[in-house]
Amino acid sequence: MNRHIFFLGLIVLAALPLAADHHLEEEQESAVLPGARMTFWTDLNKWDLLVQSGLTYDEDETLSYKIVGGTYYRIHKNVKAGLLYTWDNGEDQLLSLDVTPRFLIPTQGERHSVVSLKTRYTYNLTDEDSSLFLLPGYTYFRMNNRQPRWNVTGAYGLYLPDLTQGPWFHFLYHFSESVKGELKSDFLITDSTDWIYQWDVCLGLILAYNPH
Amino acid sequence: MGASHILVYLEGDVTVRRGEETFSGEEGMTLLEGDTIETGKDSLALIELIQGRTLKVIDQTILVLENTRTDTNLSLEKGGLFVKVKGLLSDKFFVRTETVAAGIRGTEFYVAYGRTFEEGADVWLCVNEGSVNVEVIDQDKSLIVEEGEGINILSGRELTEPREYKWTENLNWNTDPTEGSLVNETDPDSLYADLLDVDYF
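Residues numbered from 1 in each chain as written. Chains lettered and ligands numbered in written order. Predicted model: local features only at pLDDT ≥ 70, side-chain atom pairs only at ≥ 80, totals over all residues. Heavy atoms only, no water.

Caption draft 1: Spatial organisation of the overall build of chain B. When helices and strands are counted, chain B shows zero helices and 17 strands. Compactness check: chain B gives a C-alpha radius of gyration of 17 Å against a globular reference of 17 Å for 201 residues, within 12% of the reference. Over its C-alpha atoms, taken along the principal directions, chain B stretches across nearly 60 × 35 × 35 Å. Taking all 201 residues of chain B together, 55% fall into the buried category. Partitioning the intrachain contacts of chain B with sequence separation of at least 6 by distance along the chain shows that 45% fall at a separation of at least 24. Once the 17 positive and 40 negative side-chain charges of chain B are each reduced to a mean point, those two points are 4 Å apart. (Helix = DSSP H or I, 4+ residues; strand = E, 2+ residues; numbered from the N terminus. Rg over C-alpha atoms; globule rule 2.2 N^0.38 Å. Buried < 20%, exposed > 50% of the residue type's maximum accessible area, 1.4 Å probe, protein only. Contact = heavy atoms within 4.5 Å. Lys, Arg positive; Asp, Glu negative; His and termini not counted. Charge placed at Lys NZ, Arg CZ, Asp CG, Glu CD.)

Caption draft 2: Structural context of the sheet that holds strand β14 (residues 120–129) of chain B. Residue and element names in this part refer to chain B. If you trace the eight strands from one edge of the open sheet to the other, you get β4-β1-β6-β7-β10-β13-β14-β17, paired in antiparallel fashion. At either margin of the open sheet sits one strand with a lone partner, and together these are β4 (29–31) and β17 (150–153). Each strand of the sheet is rotated relative to its neighbour by a mean of 20°, with strand direction disregarded. When strand β1 (residues 5–11) meets β4, the two strands line up antiparallel, connected through three bridges. By the bridge assignment for β4, His5 is matched with Leu31. (Pairing = 2+ DSSP bridges. Axes fitted to C-alpha atoms, helices over the stretch in contact; angles between N-to-C directions.)

Caption draft 3: Highlighting the nonpolar core. Counting residues in each nonpolar core, the largest one holds 38 residues, and the members touching the most others are Leu55, Phe93, Val95, Phe109 and Leu125 of chain B. No other element matches the four residues that β14 of chain B contributes to this core. Setting aside its immediate chain neighbours within four residues, Phe93 of chain B contacts Leu49, Arg53, Leu55, Thr72, Leu74, Val83, Val85, Ala102, Gly103 and Ile104 of chain B. Grouped together as the second largest cluster of nonpolar side chains are 16 residues, Val68 and Ala208 of chain A together with Leu195 and Val198 of chain B included. (Core = buried A, V, L, I, M, F, W, Y, C linked by side-chain atoms within 4.5 Å.)

Caption draft 4: The side chain of Arg120 of chain A, seen in detail. All names here are of chain A. Here Arg120 lies in strand β6 (residues 111–124). A polar contact of 3.1 Å, which involves the side chain of Arg120, links it to the side chain of Tyr72. Polar side-chain contacts of Arg120 include one of 2.9 Å to the side chain of Asp98. (Polar contact = N/O pair within 3.5 Å; in protein donor to acceptor, adjacent residues only side chain to side chain.)

Caption draft 5: Looking closely at unusual backbone geometry. Residue and element names in this part refer to chain A. The omega torsion of the bond from Leu160 to Pro161 falls at 10°, within 30 degrees of zero and hence cis. You can see Pro161 is positioned in the loop between β8 (147–160) and β9 (165–174). Notably, Asn89 is not glycine yet its phi reads approximately 60°, a positive angle. Counting through the fold element by element, Asn89 comes out in the loop between β4 (79–88) and β5 (92–106).

Caption draft 6: Representation of the interface of chain B and chain A within the structure. Listed as interface residues are 21 residues of chain B and, on the opposing side, 40 residues of chain A. In total, about 2400 Å² of surface goes out of reach between chain B and chain A, with carbon and sulfur atoms giving 57% of it. Area buried by chain B at its contact with chain A is led by Leu196, Tyr200 and Phe201 of chain B, which between them contribute 38% of it. Linking Asp197 of chain B and Arg74 of chain A is a salt bridge whose minimum nitrogen-to-oxygen distance equals 3.9 Å. For the interface between chain B and chain A, the tally reads four residue pairs in polar contact (both at pLDDT 80 or more). Within the side of chain B that touches chain A, the residues separate by chemical class into 10 nonpolar, three polar and eight charged. (Buried area = accessible area lost by both parts, 1.4 Å probe. Salt bridge = Lys/Arg side-chain N within 4 Å of Asp/Glu carboxyl O. Nonpolar A, V, L, I, M, F, W, Y, C, P; charged D, E, K, R; others polar.)

Caption draft 7: Structural detail: the pairing of strand β3 (residues 63–76) of chain A. Pairing between strand β2 (residues 47–57) of chain A and β3 of chain A: 11 bridges, direction antiparallel. For Leu50 of chain A, the partnering residue across the bridge sits in β3 of chain A and is Gly70 of chain A.

Caption draft 8: Quick peek at the confidence of the model for chain A. All names here are of chain A. Across chain A, pLDDT averages 85, with 84% of residues at or above 70. Mean pLDDT values for the elements of chain A range from 43 in helix α1 (residues 2–26) up to 96 in β4. Across residues 1–26 the pLDDT falls below 50, and counting only partners more than four positions away or on other chains, this stretch makes 30 contacts in the model. (pLDDT = per-residue confidence, 0-100.)

Caption draft 9: Focus on the pairing of strand β10 (residues 80–85) of chain B. Residues and elements named next belong to chain B. Of all the six residues making up β10, five are buried; the element is thus mostly covered by neighbouring parts of the structure. Strand direction decides the pairing type here: strand β7 (residues 53–57) and β10, joined by five bridges, are antiparallel. Considered in β10, the bridge of Val57 is made with Leu81. Sheet topology note: the β10/strand β13 (residues 108–117) ladder contains five bridges and is antiparallel. From the neighbouring strand, Lys84 faces β13, where its bridge partner is Glu108.

Set out below in structure tokens:
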């Protein structure tokens, strides 16, 4: 239990300076956007169902929300495909097709690594715009009794066709098989000439249900 | 050596090795102390030991009836088995893997090898009735697994905390062919976290 409190504290502490930077970066037209989200995840053998709701504190000091619903299907041991619907602040409606291959890198002892390539095509139903998001990443798992205790992912995101890009980070702590805490950082360079960026930092709670 | 145990039921390929000789298993076959029972893929064997003890040997298993005269000592070299002991034991009854000894106190339990790691193979054990004393051989480590609990002995050497595991609900404890299928479809490999399925972003 003490370990759980320690990691919760770590996550909160990690988020605090980012939130403080928010006001400094605003004047440079860059933005740090702190947020929080909650995810309900159901694992039904090859099918996953998810519902996610999130809040983001925008640079104009307003709150925006996002609701995501969708499903993933395990089409191969190493490949999952997903169809997601996003309702973004009541304005944009997005439809995404996600295909992600993953490969396990066996290592010694209780440590394991996974490399992945998240490929997500998104079509904006509102303005009929579309984009492709590529996210090659590496995930390190720290295991305890053959179960993941925590895992951390480092990745690099690239949006096409506008070529915005930047480093991406995700930390997931497994309090139990059903309850997980996460910290996500998505740093996006929107203008490389003037070094303008958008930095989304999100704390999250995941409630996972696995009936088998 | 005295005849005492019977191979009462089998499915698929079951082989009995006795010294230098090898026999195809047959229902009603008498088994002797020192016999090695080997089951093939999609196969199983049901063995009635003396004093009302039943063994269900799952597929791809190698089991040696090492000592069956005074105390009972079974050696599980590969795979897994279900053990059902009726009533309280007056003698000692052990199932041993390479590194673990499971001492039974009148009970029903399942033991099987899990994944193999560099330090050795995991050993899973689950108790349906009664209790089992689990001891790591050559180490001063032991604990009791109670009814409804399971345990994973990491690499056959490190005891973990016994607890309820959801997967044990799917174990097929049936040892009577007239009451339905004996096949156990719980694969120990499925008990491990699927890291390729950890995807929450």
